[in-house]
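# Residue-level structure breakdown
Listed below, chain by chain, are the residues.
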Amino acid sequence: MDREELLEALCGEVRVCVKCRLSKTRTNAVPGEGSVRPRVMLVGEGPGREEDEQGRPFVGAAGKLLDELLASIGLSRAEAYIANVVKCRPPGNRPPTKEEIEACLPYLRRQMELLEPRVVCLLGNTAIKTLLDEDAWVARVHGRAYTRGGRTVIPMYHPAAAIYTATLKPVLLEDMKKLEKILEKGVKRHVGKMFPDSDMKNTRFST
Ligand code: URA
Ligand code: SF4
C-alpha cells in the first residue's frame, strides 16, 4: 500500500473506533486531513461541535482563525496536515481526560510516522502537554522550537484562545512568523534549561 492508502486505512479505523467512551457521544470521529507530504503538521486538542458534525478538523470559528494564521505566512491547508490529540469530541468541549488521550494517542503517532512532517505545530496546552512535556505551559513555551521524536515541534496558543482573548492574536501571528522562518531556513533550536531537546523523560510521546 502506498502512503495515501495507508493514511486512508488509518482514517477508516478512526471513524469506527470504540477504544474510549468518547465513541458513545460523538456524531463523527475526526481523523484529520491535509497533504500526504505536509510541510507542517498542526495538532489541536480535539473536535468541537462543528467538527463533530462534519467529521473534519478545525471547521468552526477556531478553524477560520487557523486558516487566517496559515495564510499570514503564505500556507494553505492543502500544504499542511491538520489533526487533533483526540479524534472524537469531548462532551461540552471539556478537555480530554488522560485515559482518553492515552487511548487515542496511537492514532496520532501513526499519522506522524506515515506523514513524516519535519515540523509539528502544537496548538494549545493539551497538545503541548501530550507531545512536548507534561509540565509545560503554553505561556512559557510558545514560539520556541524543540525536538521530539526526531522532529521539530513548535508550541503555540490554541486559535480558540485568541477568540476569547484578543491580545493573543498578535502573539499567534508573531509565532507564525517564527514557524515561517523555521520552514524556510531550518531550526535554531531552543537550548535553555526548560525542557531541553534531550529530555524525553517527561513526555508521553516517543517514536
Ligand atoms: N479545536 C480543536 O482543538 N480542534 C479542532 O479540530 C477544532 C477546534
Ligand atoms: Fe477511538 Fe480516539 Fe475516538 Fe476514543 S477519541 S473512540 S480512542 S478515535
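Summarised in this report is the structure supplied together with it.

### With respect to the pairing of strand 3 (residues 80-84)
Judged by how many residues are buried, strand 3 sits mostly within the fold: 5 of 5 residues are covered. On strand 3, burial covers both faces: A80, I82 and N84 on one face and Y81 and A83 on the other are all buried. Alignment of strand 1 (residues 33-34) against strand 3, held across 2 bridges, turns out to be antiparallel. Bridging across to strand 3, E33 finds its partner in I82. Direction of pairing for strand 2 (residues 40-44) relative to strand 3: parallel, over a ladder of 5 bridges. When the bridges of strand 3 are listed, V43 appears paired with A83.

### Let's talk about the site of ligand 2
Taken together, 14 residues are adjacent to ligand 2, and C17, C20, S23, C88 and C104 come closest. Of all elements in the fold, only helix 2 (22-25) and helix 5 (98-115) reach the threshold of two or more residues within the shell around ligand 2. Residue composition of the shell around ligand 2, by class: 10 nonpolar, 1 polar and 3 charged.

### Brief notes about the nonpolar core
If you look at the biggest cluster of nonpolar residues, it comprises 52 residues, and the most contacted ones within it are M41, V43, C121 and L122. Ranked by residue count, the leading element in this core is helix 5, at 7 residues. Not counting residues up to four positions away in its chain, the partners in contact with M41 are A80, Y81, A83, M112, L115, P117 and V120.

### Comments concerning helix 5
For helix 5, spanning 18 residues, the distance from its first C-alpha to its last is 25 Å, which sits close to the expected 26 Å at 1.5 Å a residue. Where helix 5 bends most, the angle comes to about 40°, and this point is C104, followed within four residues by the proline P106. Taken as a whole, helix 5 has its buried residues at E100, I101, A103, C104, Y107, L108, Q111, M112 and L115. Buried residues along helix 5 sit in contact with helix 1 (3-15), helix 2, strand 2, strand 3 and helix 6 (125-131). E116 lies just past helix 5 and shows a positive phi near 45°.

### Observations regarding unusual backbone geometry
For F58, which is not glycine, the phi dihedral falls at a positive 50°. Overall, the presence of 27 C-beta atoms within 10 Å leaves F58 in the buried class. Positive phi outside glycine occurs at N93, with the angle close to 60°. Position of N93 relative to the elements: it lies in the loop between strand 3 and helix 5.

### What to know about the pairing of strand 4 (residues 119-123)
The element strand 4 is extensively covered by neighbouring structure, given that 5 of its 5 residues are classed as buried. By the alternation rule, side chains of strand 4 split into V119, C121 and L123 and V120 and L122, which are all buried. Taken together, the 3 bridges between strand 2 and strand 4 define a ladder with parallel strand orientation. Opposite L42, over in strand 4, you have C121 as the bridge partner. Both strand 4 and strand 6 (residues 151-156) contribute to a ladder of 5 bridges, which runs parallel. When the bridges of strand 6 are listed, V119 appears paired with T152.

### A closer look at the sheet that holds strand 1
Reading across the sheet, the 6 strands line up as 1-3-2-4-6-5 and stay open at both edges, with mixed pairing between neighbours. The two strands at the open ends of the sheet, each matched to only one other strand, are strand 1 and strand 5 (146-148). The strands touched by helix 9 (residues 168-185) are strand 2, strand 4 and strand 6; relative to strand 6, the strand with the most contacts, the crossing angle is about 170°.

Criteria and thresholds
- Residues numbered from 1 in each chain as written.
- Chains lettered and ligands numbered in written order.
- Predicted model: local features only at pLDDT ≥ 70, side-chain atom pairs only at ≥ 80, totals over all residues.
- Buried ≥ 20, exposed ≤ 12 C-beta atoms within 10 Å, placed from the backbone.
- Helix = DSSP H or I, 4+ residues; strand = E, 2+ residues; numbered from the N terminus.
- Pairing = 2+ DSSP bridges.
- Near = placed C-beta within 6 Å.
- Nonpolar A, V, L, I, M, F, W, Y, C, P; charged D, E, K, R; others polar.
- Core = buried A, V, L, I, M, F, W, Y, C linked by C-beta atoms within 7 Å.
- Contact = placed C-beta atoms within 7 Å.
- Expected span 1.5 Å × (residues − 1).
- Bend = angle between axes of the 7 residues up to and from the residue.
- Axes fitted to C-alpha atoms, helices over the stretch in contact; angles between N-to-C directions.

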